[in-house]
Amino acid sequence: MDTTPFIRCRQLSKSYQKGSNTVTPLQELDLDVPSGEFLALMGPSGSGKTTLLNLIAGIDQPTSGELVVDGRNLTTLSRADLTRWRSQHCGYIFQLYHLVPILTAFENVELPLLLDKSLSRRERHDRVAGALDLVGIADRADHRPSELSGGQEQRVAIARAIVADPGLLVADEPTGDLDSVSARQILELLQSLASDHGKTIVMVTHDAKAAAAASRTLHLEKGRLEETPEALAPQFD
Ligand SMILES: Nc1ncnc2c1ncn2[C@@H]1O[C@H](COP(=O)(O)OP(=O)(O)OP(=O)(O)O)[C@@H](O)[C@H]1O
């Protein structure tokens, strides 16, 4: 059995310079996330949750430490390589969906694939149709975001995040703007993407009910993981 974690953080730190002050939202963090896990990150405002998510997603680079995702050491990649890596390996799901208002659901989901010149129009079409189908919104393919409910918009955004078939999904408060029924449906969709489709998911949330849908919850406090026995899965050491 392969016990290599899908995400491995060691002594991971991120600092920003604010005038003469150094802010360190993430401090020497150690974390292993196994493949196919649905992990929730909680913690007070400013504790470093989004900072960690953006490092794992390859949006930002750490100041020090090691970060390996699916066998690729992100700390040694150039900015350009990191951008390329992200487009193939990571889907990002936002609280407010970030769909393009003038495009249909289909066109929104198609957008990330337009960067891949190796795909034919037919292949693109099939992949978009497959992603819309998987999130249960195929019947709304021709609708613009303004014609969709919040829950439907989030489904389209999830289809866009998975259309390039990344192994990793990161989600920042994906249910933060939804009513409780839609939130529950989105969480069930994320659960299924992890358990049935093998996606590794890291979700930031303030909502304990949302976190309960994940397979594990970790708490950040001032840039460090609170000491919990499961913070570092022991089978990997
Ligand atoms: N680009 C940046 N430049 C300077 N400081 C930053 C930057 N990004 C984040 N910070 C600081 O890092 C700290 C952690 O921010 P982060 O957004 O990771 O927290 P969070 O736990 O996600 O908070 P919230 O729950 O409010 O979204 C904050 O004090 C923030 O001001």
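Provided above is the structure to which this section pertains.
Residues numbered from 1 in each chain as written. Predicted model: local features only at pLDDT ≥ 70, side-chain atom pairs only at ≥ 80, totals over all residues.

Caption draft 1: Inspection of unusual backbone geometry at higher detail. Of note in this structure, Asp165 is not a glycine but carries a positive phi near 60°. Among the secondary structure elements, Asp165 is positioned in the loop between helix H5 (150-162) and strand S7 (168-172). Positive phi, normally seen in glycine, also occurs at Glu173, with a value near 50°. You can see Glu173 is positioned in the loop between S7 and helix H6 (180-195). (Helix = DSSP H or I, 4+ residues; strand = E, 2+ residues; numbered from the N terminus.)

Caption draft 2: Structural view of the packing of H5 against H6. At a minimum axis separation of 9 Å, H5 and H6 run at an interaxial angle of 20°. Accordingly, the angle class assigned to the pair H5 and H6 is roughly parallel. The element H5 and its partner H6 pack so that their crossing is right-handed. Residues Gly150, Gly151, Gln154, Ile158 and Ile162 of H5 lie in contact with H6, whose contacting residues are Ser182, Gln185, Ile186, Leu189 and Leu193. A class-by-class count of the residues in the contact of H5 with H6 yields 5 nonpolar, 5 polar and no charged. (Axes fitted to C-alpha atoms, helices over the stretch in contact; angles between N-to-C directions. Parallel < 35°, antiparallel > 145°, perpendicular 65-115°, else oblique. Left-handed = near helix turned anticlockwise from the far one by under 90°. Contact = placed C-beta atoms within 7 Å. Nonpolar A, V, L, I, M, F, W, Y, C, P; charged D, E, K, R; others polar.)

Caption draft 3: Summary view of the environment of Ser149. By the secondary structure assignment, Ser149 is in the loop between helix H4 (121-134) and H5. On the basis of neighbour count, Ser149 is assigned to the exposed category, with 12 C-beta atoms found within 10 Å. When the C-alpha atoms of Ser149 and Leu178 are compared, they prove to be 9.3 Å apart, with 29 residues separating the residues in sequence. (Buried ≥ 20, exposed ≤ 12 C-beta atoms within 10 Å, placed from the backbone.)

Caption draft 4: Expanded view of H6. With 16 residues, H6 extends 22 Å between its outermost C-alpha atoms, agreeing within 8% with the 22 Å of an ideal straight helix rising 1.5 Å per residue. All of the buried residues along H6 are Ala183, Ile186, Leu187, Leu190 and Leu193. The arc that holds every buried residue of H6, seen down its axis, measures 115°, which confines them to one face. Exposed residues pointing more than 90 degrees away from the buried face of H6 are listed as Val181 and Glu188. (Expected span 1.5 Å × (residues − 1). Arc of directions from axis to C-beta.)

Caption draft 5: The site of the ligand, seen in detail. By nearness alone, every residue bordering the ligand is listed as Tyr16, Lys18, Val23, Pro25, Gly43, Ser45, Gly46, Ser47, Gly48, Lys49, Thr50 and Thr51. Of all the secondary-structure elements, those providing two or more residues to the shell around the ligand are strand S1 (7-18), strand S2 (21-33) and helix H1 (49-56). Per-element tally for the shell around the ligand: the top contributor is H1, with 3 residues. For the shell around the ligand, the residue count by class is 3 nonpolar, 7 polar and 2 charged. (Near = placed C-beta within 6 Å.)

Caption draft 6: A look at the environment of Cys9. Checked against the element boundaries, Cys9 lands in strand S1. Separated by 121 residues in sequence, Cys9 and Gly130 have C-alpha atoms that sit 33 Å apart. Once residues lying within four places of it in the same chain are set aside, the contact partners of Cys9 are Leu29, Asp30, Leu31, Gly65 and Leu67.

Caption draft 7: Seen up close, the nonpolar core. Leu39, Leu41, Ala159 and Met203 are the most contacted members of the largest nonpolar core, which totals 61 residues. Those residues in contact with Leu41 that lie beyond four places of it in its chain are Lys49, Leu52, Val202, Met203, Val204, Leu218 and Leu220. (Core = buried A, V, L, I, M, F, W, Y, C linked by C-beta atoms within 7 Å.)

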